[in-house]
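# Report on the structure
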Amino acid sequence: MDISLPYSFSTLLCYSVLYLAVACLWLPASIWGQPLWLILAASAGFIALISGQLTPLGLGLAVLYLFIAYLFSRTTGAKKKWLTLLLAALSLLLGAHLLPGFQNLKVLDAMAVSADGLPFTMYLNLDKTLVALGLLGWCVPRLSRRQEWRQLLQVLLSRSLLFLLLIFILALASGKVHWDPKLPSYTLLWMLTNLLFVCTAEEAFFRGFLQQQLALLWKNRPLQQELPLALASLVYGLSHFAGGPLYIAFVTLAGLGYGWVYQKTGCIEASILLHFALNAAHFLLFTYPSLP
């Protein structure tokens, strides 16, 4: 068991720029008339090509995905329905690492995060992070003012504690985790990756895109709020099928919480932060990823 560090300066630079690209989604700054996140994403893609993290095919697919997301944000009518289906399909394929050309970097290899837990392997995923950039960059509204952030945090704090408590009570009752506080040496790497690469991508798609599109499709019909929330959460749970039935059930339940807070606030940042809070508490305080 070991920590696999980047093999070259260009690889390290690629992922450093990619972290910045996602973080800069919430900055209004632009260069040459283009948003800063897009400039950084393009830079990361170019460096990834040089360092071998992307093949020419992978770079082409990345450009195509961003272009489709851009078209989706500026199209109306019947054409948008086809773009919705195409964007959903590509997002799922990217998130599941099923498209060719992406050489995602393994940074944690079969680590024993918890002494009695299952081994944990972590990648820095270019393909999945592309979903966060495309959807949050063009298709999903983001907060832009400090006052909005203050109001969101106040609402989130008042509505999330009971949800987190419920999830961990159920997890402890299932016997798949137990109390295990820890602070591994790679905590900062895990935190940055989970927040900027994992939570942003999953929430951008399952809540900001899928749940929102289902809500628009089912508008003014019975269960117009409940059905999109339930369906998006179920798809989210099923996307984690590799973990088995119990894991699917827990992920679906968590998705209901993320979707509910997104529905109540109208802010994708709410579901991203709640998702990250649950993941971070799991990592720091309980068996990670789970008991055998």
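Reference entry: report on the structure contained in this document.

Here is what the cut-offs are and how they apply
- Residues numbered from 1 in each chain as written.
- Predicted model: local features only at pLDDT ≥ 70, side-chain atom pairs only at ≥ 80, totals over all residues.
- Heavy atoms only, no water.
- Helix = DSSP H or I, 4+ residues; strand = E, 2+ residues; numbered from the N terminus.
- Rg over C-alpha atoms; globule rule 2.2 N^0.38 Å.
- Buried < 20%, exposed > 50% of the residue type's maximum accessible area, 1.4 Å probe, protein only.
- Areas by Shrake-Rupley, 256 points an atom, 1.4 Å probe, with all protein chains shown as cover.
- Disulfide = S-S within 2.5 Å.
- 1 Å grid on protein atoms, 1.4 Å probe; cavity = no way out; pocket = protein on both sides within 12 Å on 5 of 7 lines; lining within 4 Å.
- Points joined across faces, edges and corners; volume = space filled by probe spheres on them.
- Nonpolar A, V, L, I, M, F, W, Y, C, P; charged D, E, K, R; others polar.
- Polar contact = N/O pair within 3.5 Å; in protein donor to acceptor, adjacent residues only side chain to side chain.
- Contact = heavy atoms within 4.5 Å.
- Phe/Tyr/Trp six-rings, centres within 6.5 Å; stacked < 30°, edge-to-face > 60°.
- Axes fitted to C-alpha atoms, helices over the stretch in contact; angles between N-to-C directions.
- Parallel < 35°, antiparallel > 145°, perpendicular 65-115°, else oblique.
- Left-handed = near helix turned anticlockwise from the far one by under 90°.
- Salt bridge = Lys/Arg side-chain N within 4 Å of Asp/Glu carboxyl O.
- Pairing = 2+ DSSP bridges.

It is worth spelling out the overall build of the protein chain at this point. A count of helices and strands for the protein chain gives ten helices and five strands. For the protein chain, whose C-alpha radius of gyration is 19 Å, the value lies close to the compact-globule estimate of 19 Å for 292 residues. A total of 292 residues make up the protein chain; the buried ones form 48% of that total. Split by element, the accessible area of the protein chain, about 14,700 Å² in all, is 70% carbon and sulfur.

This part takes up the state of the cysteines. For the coordinates displayed, the defined rule picks out zero disulfides. Residue Cys14 stays outside any disulfide, its sulfur separated by 15 Å from that of Cys24, the closest cysteine. Exposure remark for Cys14: the relative accessible area of 0% places this residue in the buried category. Residue Cys199 stays outside any disulfide, its sulfur separated by 17 Å from that of Cys267, the closest cysteine.

The next subject is the layout of surface pockets. With a probe scaled to a water molecule rolled over the atoms, the places where space remains empty come into view. Of the pockets and cavities examined, the second largest pocket occupies roughly 390 Å³. Around the second largest pocket, the lining comprises 15 residues; the ones closest to its centre are Lys81, Thr84, Leu85, Gln213 and Leu217. Elements represented by at least two residues in the lining of the second largest pocket include exactly helix H4 (78-95) and helix H7 (187-217). For the lining of the second largest pocket, the element with the highest residue contribution is H7, accounting for seven residues. For the lining of the second largest pocket, the per-class residue count stands at nine nonpolar, four polar and two charged.

It is worth spelling out the side chain of Arg207 at this point. Take Arg207: it is sitting in helix H7. Within the local environment of Arg207, its side chain forms a polar contact with the side chain of Glu203, the two groups lying 2.7 Å apart. Setting aside anything within four residues of it in sequence, one finds Arg207 in contact with Glu202, Gln212, Ser233, Tyr236, Gly255, Tyr258, Gly259, Tyr262, Ile268 and Ser271.

The final tally for this structure, using the stated rule, is 15 aromatic pairs. Considering the side-chain rings of Tyr70 and Trp138, the 5.3 Å spacing of their centres and the 75 degrees angle between planes classify their relative orientation as edge-to-face. Residue Tyr70 is located in helix H3 (residues 56-73), and its partner Trp138 is located in helix H5 (residues 126-139); the two are separated by 68 residues in the primary sequence. A relative accessible area of 21% means that Trp138 is categorised as partly exposed. Arranged with centres 4.3 Å apart and planes meeting at 10 degrees, the rings of Trp190 and Phe283 form a pair that is stacked. You can see Trp190 sitting in helix H7 and its partner Phe283 sitting in helix H10 (residues 268-285), a full 93 residues away along the chain.

Turning to the packing of helix H8 (residues 226-238) against helix H9 (residues 245-265), a few remarks are in order. Two measures define how a pair of helices packs: the angle their axes make with one another and the distance between the axes. The geometry of H8 relative to H9 is characterised by a closest axis approach of 8 Å and an angle of 140 degrees between their N-to-C directions. Classified by the angle between their axes, H8 and H9 sit oblique to one another. Of the two elements, H8 crosses H9, and the hand of that crossing is right-handed. Along its contact with H8, which presents Leu229, Ala230, Ser233, Leu234, Tyr236, Gly237 and Leu238, the element H9 presents Ile248, Val251, Thr252, Gly255, Leu256, Tyr258, Gly259, Trp260 and Gln263.

On to the pattern of salt bridges. Summed over all chains, the structure comprises five salt bridges. Lys128 serves as the salt-bridge partner of Glu202, at 2.7 Å between the closest nitrogen and oxygen. On the criterion of sequence distance, the pair formed by Glu202 in helix H7 and Lys128 in helix H5 is long-range, its members being 74 residues apart. In this structure Lys128 comes out as buried when scored by relative accessible area, which is 15%.

Judged by which residues are buried, strand S5 (residues 120-124) turns out to be one-sided: Phe120, Met122 and Leu124 face inward and are buried, whereas Thr121 and Tyr123, on the alternate face, are not. Direction of pairing for strand S4 (residues 105-111) relative to S5: antiparallel, over a ladder of four bridges. Each residue of the ladder has a partner; that of Leu108, found in S5, is Met122.

So, on to the environment of Ala171. Tracing the backbone shows Ala171 in helix H6 (residues 146-174). Remark: the alpha-carbon pair of Ala171 and Phe250, spanning 79 residues in sequence, is separated by 8.0 Å. Contacts of Ala171, omitting those with residues within four sequence positions, involve Lys176, Val177 and Phe250.

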